[in-house]
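Observations on chain architecture
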Amino acid sequence: MTIPATIDAVQEKLAETGYVCGRALATVVFLSLKLGRPLFLEGEAGVGKTEIAKALALCLDRRLIRLQCYEGLDASSAVYEWNFPAQMIAIRTAEAGGGADRGALQEELFSRDFLIERPLLQAMRPDQRGAPILLIDELDRTDEPFEAFLLEALSDFQVTIPEIGTIKAPEPPIVILTSNRTREVHDALKRRCLYHWVDYPDFDREVEILHAREPAVSETLSKQIIAFVQGLRTEDIFKKPGVAETIDWAKCLLALDVVDLSPQVISDTLGAILKYQDDIAKIGGGEAKRILDEAKARVETA
Amino acid sequence: MPEYVPLEMPETPRLAQNIIHFARALRRAGLPVGPGRVIEAVRAVEAAGFTDRMDFYWTLHACFVNRPEHRVVFAQVFRLYWRDPRFLEHMMSLMLPAIRGVQEEKRAAAAEKRAAQALLGDQMPDLPQPEDSEGGTQIEIDASMTMSAEEKLRSLDFEQMSTEEIAQAKRMLARLTLPVKPILSRRRMAAPLLGHRLDRQKTLRAAMRQGGEIRALARAKQRPRWPNLVVLCDISGSMSQYSRMVLHFLHAVANEKGAGWAKVHAFTFGTRLTNISRHLATRDVDAALKAAGAEAQDWEGGTRIGQCLHAFNRDWSRRVMGQGAVVLLITDGLDRDDANALEKEMERLHLSARRLIWLNPLLRWDGFAPRATGIRAMLPHVDSFRAGHSIASLEDLAQAISRPDDAGEKARLMALL
């Protein structure tokens, strides 16, 4: 699948896969595809940063390779590793067979057969469908040395394995980095990327997203859900619900056959949107009713 | 590899130039924009094409912004730079504060002032002309700043500064630090040198392992530790201009890495006490002060020092002053409440602080005498009493803060009580 030629085409293609995005996000995605630059997405948890990589992979029909970052992630788990147990077995087998040719054995032990490819190396492999999409998720969770390592990997798209040689990507992968901003990512890395802050969608867009993801939810209910969740986001709570939570909640309500939001239903299912006890305690009481009343008023006037 | 079309735009030869100037405006507004980004922006604009103003906006946004707090600044600079019909109005709004005095500044939206100053800080050769400029209003700003001007600014009262001077002063304040001497903690660390105190426990422990024979005397010295800084800043009406500058200064102190303070806690008070420590950690000074301002809802109201100190002593004192914090109290001490209660709270504050330094802008007047009841109640309970009305006085503070015996003007004023 070739890269869409205009911003509108990007928006359309993404919408086909169920990812409804704004013009702003479509613009940066288009630029990132067109200029071949990594795309750095920041934003609150649950606004759809990871989702965009999946949607892109789907609509461009490319392979999605995901590197989930965590503290202590190092090059060996991100790029490649030698399969040590398999190498040991190969040595033992050769010994048991007797008369092993040491040179040939050595050659064989450090061949591609014993190489475990990790996401970064996989992303540099040629693919008949075209360059894969490399999702480096939650970059803010790694430590700074790994970030520095990425700098090199992202600018050259090549990896040197001493025993094999340099492997260079025939076509650089489409890279998407995401961060929840629990810590500041270094400017040097950001400078190599196009940046976009993914915000919570506005009312109409969120209704659209919910409709695309859960078509079974009735229009009135979905409007009520979105108005309530958006009202919740303006409250002073510890963790504001993201789009993912909205969709989860809609699924819950669907499973319970709810047709109209009521304070009782909300307090029963609050765990689907609020993930902190303090928040639930705060909203669970009379607050939920007040927000719901406001939300219903908003739906009616709209 | 992506293929770039050669950078040729014969039909709009000024676009690239305009983007360059736009980038320079952004840089002046505080965004870290390097030449590499500019080249990329030109390429990106070329790739995206010109269909609609919002595309253009987001294209440049993707290239120039890489921090969420920069989005506002970018939006403002963009709005001003790319032919906003209300361009002239904004130019005028920049000029107004200088004419009408500093009180007007608060009206400008976040980052708008910075955007305007970035654009108009000096004359821009290719600034797009406003469409409705036939009136011929000519605005010239001379932003040349010489060393001697900086010297002059140093001793100028914050309240007498013009907008431009305030901007310059803020830049100077941002460079100031409060260097502090480490305090010696009760924890000890091994010290190989002779002359440190003998560590008897460690010597004996070592001896036990050696079958009771003492082979060497272990010595230890106290481990140095940095103190915390707690700032209580008065933001009532009479203090507004000073507290604004002091908060700028505090932002610099709180964000200076390795300057010595273990932690900086800041509180504002007027009619009620507000903890703004969290906001000071925001990198962008304007965003930080805006957040602090939104949190503290008593800007430029009255003052109830006694009650606010009571709230501090009750709710925060034990949490933030546990490890020998230095307290900086910034207020003019003009309080109409019960003086006895105020004195009691001051005493309490003084007893729990390692050092209590009072910065009072009123001290700039030569004939200042502690006549107000609030000041009379507070003065006996501070370690040091200093002026805080200009850059020079804050610089003095920076030097005095590491002198343990510094009392500022306290002795002189105590004699007047």
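Source: prediction; values computed, not measured.

Definitions and cut-offs
Residues numbered from 1 in each chain as written. Chains lettered and ligands numbered in written order. Predicted model: local features only at pLDDT ≥ 70, side-chain atom pairs only at ≥ 80, totals over all residues. Heavy atoms only, no water. Helix = DSSP H or I, 4+ residues; strand = E, 2+ residues; numbered from the N terminus. Buried < 20%, exposed > 50% of the residue type's maximum accessible area, 1.4 Å probe, protein only. Contact = heavy atoms within 4.5 Å. Areas by Shrake-Rupley, 256 points an atom, 1.4 Å probe, with all protein chains shown as cover. Patch = residues over 30% accessible without salt bridge, like charges linked within 9 Å, V, L, I, M, F, W, Y side chains within 5 Å. Salt bridge = Lys/Arg side-chain N within 4 Å of Asp/Glu carboxyl O. Phe/Tyr/Trp six-rings, centres within 6.5 Å; stacked < 30°, edge-to-face > 60°. Pairing = 2+ DSSP bridges. Axes fitted to C-alpha atoms, helices over the stretch in contact; angles between N-to-C directions. Buried area = accessible area lost by both parts, 1.4 Å probe. Polar contact = N/O pair within 3.5 Å; in protein donor to acceptor, adjacent residues only side chain to side chain. Nonpolar A, V, L, I, M, F, W, Y, C, P; charged D, E, K, R; others polar. Core = buried A, V, L, I, M, F, W, Y, C linked by side-chain atoms within 4.5 Å. pLDDT = per-residue confidence, 0-100. Left-handed = near helix turned anticlockwise from the far one by under 90°.

**Here we look at the overall build of chain A**
Secondary structure summary: chain A contains 15 helices and nine strands in total. Counting only residues that meet the buried cut, chain A has 49% of its 302 residues in that class. Taking the intrachain contacts of chain A between residues at least 6 apart in sequence as the baseline, contacts between residues at least 24 apart amount to 75%. When the accessible surface of chain A is summed, it comes to about 14300 Å², and 51% of that surface belongs to carbon and sulfur atoms.

**Quick look at the overall build of chain B**
When helices and strands are counted, chain B shows 17 helices and nine strands. Relative to its 417 residues, chain B shows a buried fraction of 48%. Counted over contacts in chain B with a minimum sequence separation of 6, partners at least 24 positions apart contribute 76%. Element-wise, carbon and sulfur atoms account for 52% of the exposed surface of chain B, whose accessible area totals about 21200 Å².

**A look at a nonpolar patch on the surface**
A cluster of nonpolar residues, Leu198(B), Leu204(B), Ile214(B) and Leu217(B), forms a patch on the protein surface that exposes about 380 Å² of accessible area. Examined against the element boundaries, Leu198(B) turns out to sit in strand S2 (residues 197-198).

**Comments concerning the packing of aromatic side chains**
Residues and elements named next belong to chain A. Summed over the entire model, instances satisfying the criterion amount to 16 aromatic pairs over all chains. Judged by centre distance (5.0 Å) and plane angle (90°), the rings of Trp 82 and Phe 110 are edge-to-face. Taken together, the positions of Trp 82 in strand S3 (residues 80-82) and Phe 110 in the loop between helix H6 (102-109) and strand S4 (115-117) put the pair 28 residues apart, joining distant regions of the chain. Overall, Trp 82 belongs to the buried group, its relative accessible area being 17%.

**Focus: unusual backbone geometry**
Residue and element names in this part refer to chain A. Backbone geometry at Glu 138 places phi at a positive 55°, although glycine is not the residue there. Within the secondary structure layout, Glu 138 lies in the loop between strand S5 (133-137) and helix H8 (144-156). Although it is not a glycine, Asp 257 adopts a positive phi angle of roughly 60°. The topology assignment puts Asp 257 in the loop between helix H12 (243-255) and helix H13 (263-269).

**Some details on the sheet that holds strand S2 (residues 64-68) of chain A**
Residue and element names in this part refer to chain A. On the basis of which strands lie adjacent, the open sheet formed by five strands has the order S2-S5-S8-S1-S9 and parallel pairing. Edge strands, defined here as strands with exactly one partner in the open sheet, are S2 and strand S9 (194-198). The sheet shows a mean angle of 20° between the axes of neighbouring strands, taken without regard to direction. Against the sheet, helix H3 (residues 49-60) touches strand S1 (39-43), S2, S5, strand S8 (174-179) and S9, its axis set at about 170° to S5.

**Quick word on the interface of chain B and chain A**
Facing the 23 residues of chain B at the interface are 25 residues of chain A. Taking both partners together, chain B and chain A bury about 2000 Å²; carbon and sulfur atoms supply 58% of that area. Joining chain B to chain A, the criterion identifies four salt bridges. A salt bridge links Asp55(B) to Arg23(A), with the nearest nitrogen and oxygen atoms 2.3 Å apart. Here chain B is connected to chain A by eight residue pairs in polar contact (both at pLDDT 80 or more). Secondary-structure elements contributing two or more residues to the side of chain B that touches chain A are helix H2 (35-48) and helix H3 (53-64) of chain B. Class assignment for the residues of the side of chain B that touches chain A results in 11 nonpolar, four polar and eight charged.

**Thoughts on the nonpolar core**
It is characteristic of soluble globular proteins that their nonpolar side chains tend to be buried jointly. Of all hydrophobic cores here, the largest spans 98 residues; its most connected members are Ile136(A), Leu177(A), Ile19(B), Phe22(B), Leu60(B), Phe64(B) and Phe74(B). When residues in this core are grouped by element, the largest group, nine residues, is from helix H2 (residues 23-35) of chain A. Apart from residues no more than four positions distant in its own chain, Phe74(B) is found in contact with Phe22(B), Leu26(B), Leu31(B), Tyr57(B), Leu60(B), His61(B), Phe64(B) and Val65(B). Counting 36 residues, the second largest nonpolar core, distinct from the first, contains Phe249(B), Leu250(B), Ala292(B) and Leu397(B).

**Some points on the sheet that holds strand S5 (residues 264-269) of chain B**
Residue and element names in this part refer to chain B. Strand order in the open sheet made by the six strands is S6-S5-S4-S7-S8-S9, with mixed pairing throughout. The open sheet has two edge strands, strand S6 (273-275) and strand S9 (384-386), and neither has a second partner. Neighbour to neighbour, the strand axes of the sheet diverge by 20° on average, direction disregarded. Against the sheet, helix H16 (residues 391-400) touches strand S7 (326-330), strand S8 (355-359) and S9, its axis set at about 170° to S8.

**Observations regarding the pattern of salt bridges**
Residues and elements named next belong to chain A. The tally for this structure, following the rule as stated, stands at 22 salt bridges over all chains. The closest approach of N and O atoms between Arg 129 and Asp 61, which form a salt bridge, is 3.4 Å. Taken together, the residues span a long stretch of sequence, with Arg 129 in the loop between helix H7 (119-124) and S5 and Asp 61 in the loop between H3 and S2 at a distance of 68 residues. The partly exposed category is assigned to Arg 129, whose relative accessible area is 36%. Judged by its relative accessible area of 41%, Asp 61 is partly exposed.

**A short note on the pairing of S9(A)**
Residues and elements named next belong to chain A. Across the five residues of S9, five count as buried, placing the element largely inside the fold. Here S1 runs beside S9; their pairing, made up of five bridges, is parallel. Within S9, the residue paired with Leu 41 across the bridge is His 196.

**Some details on the confidence of the model for chain B**
Residues and elements named next belong to chain B. Per-chain confidence: chain B averages 74 in pLDDT, with 74% of residues scoring 70 or above. Contacts for the low-pLDDT stretch residues 1-10, under 50 throughout, to residues beyond four places or in other chains number 16 contacts. Counting contacts from residues 95-108, a segment whose pLDDT is below 50, to residues more than four positions away or on other chains yields 18 contacts. Taken over the whole predicted complex, pTM reads 0.57, whereas the ipTM for its chain interfaces reads 0.73.

**Considering the packing of helix H8 (residues 163-175) of chain B against helix H10 (residues 240-255) of chain B**
All names here are of chain B. The interhelical angle for the contact between H8 and H10, taken along N-to-C directions, is 35°, at an axis separation of 8 Å. H8 and H10 meet at a crossing whose hand is right-handed. Across the interface between the two elements, Ile 166, Ala 169, Lys 170, Leu 173 and Ala 174 from H8 touch Gln 241, Met 245, His 248, Phe 249 and Ala 252 from H10.

**Examining the environment of Leu256(A)**
Mapped onto the elements, Leu256(A) comes out in the loop between H12 and H13. Sequence spacing of Leu256(A) and Thr269(A) is 13 residues, and the spatial spacing of their C-alpha atoms is 9.7 Å.

**Things to note about the pairing of strand S4 (residues 229-234) of chain B**
Residues and elements named next belong to chain B. In terms of burial, S4 is largely enclosed, as six of its six residues are buried. By the bridge criterion, six bridges tie S4 to S5 in an arrangement that is parallel. Counted as the bridge partner of Val 230 is His 265 from S5. As judged from the five bridges shared by S4 and S7, these two strands associate in the parallel manner. By the bridge assignment for S7, Leu 232 is matched with Leu 329.

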